[in-house]
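Observations on the model geometry
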Amino acid sequence: MTTTPDSLSEAQRDALMAKAREAAHSAYAPYSKFHVGAALLMGDGAVVTGANVENASYGLSLCAETVAVAKILSQPGEAGRLVAVAVTGGAPGHPGEGMVVTPCGRCRQMLNEVAQLGGTDPVVWSDGADGVLEEPLSVLIPHAFGPANLA
């Protein structure tokens, strides 16, 4: 059975958010001290995670979502249907305890690439101390540029 954004339960959301929080603990963030984790749920049920990786030259740093997308796109046949994205961030050891952290513009574009390849509009969950924000990716990056524009 294929998972779709419409078929996801609150328990699945909570499980994916937990995977994102777990990934945040693996962040390499010695400069900002801000750990971000992402968990991407694919249509076949696979979960791919990523954590932010900073670099002393700042511009070479990678966001958690970008790390997860790179994992997906670098494995043959893995660019399937992106169903949901969970993102969290915060102080080391305390992801999700501060302000809600949503994907940055670059990450929204990276997520859109995978979504367009699979023909999906994944739900994006971002958590913080006040709860979980839920938005479809198309709301976070309207009129997105993607693979179809280069056909």
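I will try to describe carefully the structure that is included in this document. Please read these numbers as outputs of a predicted model, since none were measured by experiment. (Residues numbered from 1 in each chain as written. Predicted model: local features only at pLDDT ≥ 70, side-chain atom pairs only at ≥ 80, totals over all residues. Heavy atoms only, no water.)

Quick notes on helix 1 (residues 10-24)
In an α-helix there are 3.6 residues to a turn, and that puts residues three or four apart on one side. Using the following cut-off: Runs of E in the DSSP output that reach at least two residues are strands. Runs of H or I that reach at least four are helices, and both are numbered from the N terminus. Expected helix span is computed as 1.5 Å times (number of residues minus one). Working definition: with a 1.4 Å probe on protein chains only, accessible area under 20% of the residue-type maximum means buried, over 50% means exposed, and in between means partly exposed. What the arc describes is the spread of directions from the helix axis to the C-beta atoms. In what follows, a contact means two residues having at least one pair of non-hydrogen atoms within 4.5 Å.
Between its first and last C-alpha, helix 1 extends 21 Å over 15 residues, near the 21 Å set by a 1.5 Å rise per residue. Arg 13, Leu 16, Met 17, Ala 20, Ala 23 and Ala 24 are the residues of helix 1 that are buried. Buried residues of helix 1, viewed axially, fall in a sector of 115 degrees; they line one side. For helix 1, exposure combined with an orientation more than 90 degrees from the buried face picks out Ala 11 and Glu 22. Structurally, helix 1 contributes buried residues whose contacts are with strand 1 (35-42), strand 2 (47-51), strand 3 (82-90), strand 4 (123-128) and strand 5 (131-136).

Some words on the sheet that holds strand 2
Within a sheet, adjacent strands bond to each other through the backbone by hydrogen bonds, running parallel or antiparallel. How we decide: A pair of strands is considered paired only if DSSP assigns at least 2 bridges between the two. Angles shown run from 0 to 180 degrees and are taken between the N-to-C directions of axes, each axis being a line fitted to C-alpha atoms and, for helices, limited to the stretch in contact.
Reading across from one edge, 2-1-3-4-5 is the order of the five strands in this open sheet, with mixed pairing throughout. Both outer strands of the open sheet, strand 2 and strand 5, are each paired with one neighbouring strand and no more. The sheet shows a mean angle of 15 degrees between the axes of neighbouring strands, taken without regard to direction. The pairing of strand 4 with strand 5 spans six bridges and is classified as antiparallel. Looking at strand 5, one finds that Val 124 is bridged to Glu 135. Contacts from helix 3 (residues 105-118) reach strand 1 and strand 3 within the one sheet, and its direction differs from that of strand 3 by about 165 degrees.

Topic: the packing of aromatic side chains
Applicable threshold: Note on aromatic pairs: the rings of Phe, Tyr and Trp (six-membered ring only in Trp) are paired at centre separations within 6.5 Å, and the planes decide the class, stacked below 30 degrees, edge-to-face beyond 60, tilted for the rest.
Throughout the structure, instances matching the rule amount to one aromatic pair. Centre to centre, the rings of Tyr 31 and Tyr 58 are 5.9 Å apart; their planes meet at 85 degrees, and the pair counts as edge-to-face. In this pair, Tyr 31 is assigned in the loop between helix 1 and strand 1 and Tyr 58 in the loop between strand 2 and helix 2 (64-73), connecting sequence segments 27 residues apart. For Tyr 58, a relative accessible area of 58% translates into the label exposed.

Overview of the layout of surface pockets
Using the following cut-off: A 1.4 Å probe that fits into a set of points on a 1 Å grid over the protein atoms alone but cannot get out defines a cavity; an open set with protein on both sides within 12 Å along at least five of seven lines defines a pocket, and lining residues are those with an atom within 4 Å of a point. Grid points are joined across faces, edges and corners, and a volume is the space filled by probe spheres set on the points. Only Asp, Glu, Lys and Arg are considered charged in this grouping, and only Ala, Val, Leu, Ile, Met, Phe, Trp, Tyr, Cys and Pro are considered nonpolar; every other residue, Gly among them, is considered polar.
Counted as a void, the largest pocket has a volume near 210 Å³. Lining the largest pocket are 16 residues; nearest its centre among them are Val 36, Asn 52, Cys 63, Ala 64 and Glu 65. Considered class by class, the residues forming the lining of the largest pocket number ten nonpolar, four polar and two charged.

Everything listed is a geometric property; what it means functionally is a separate question.
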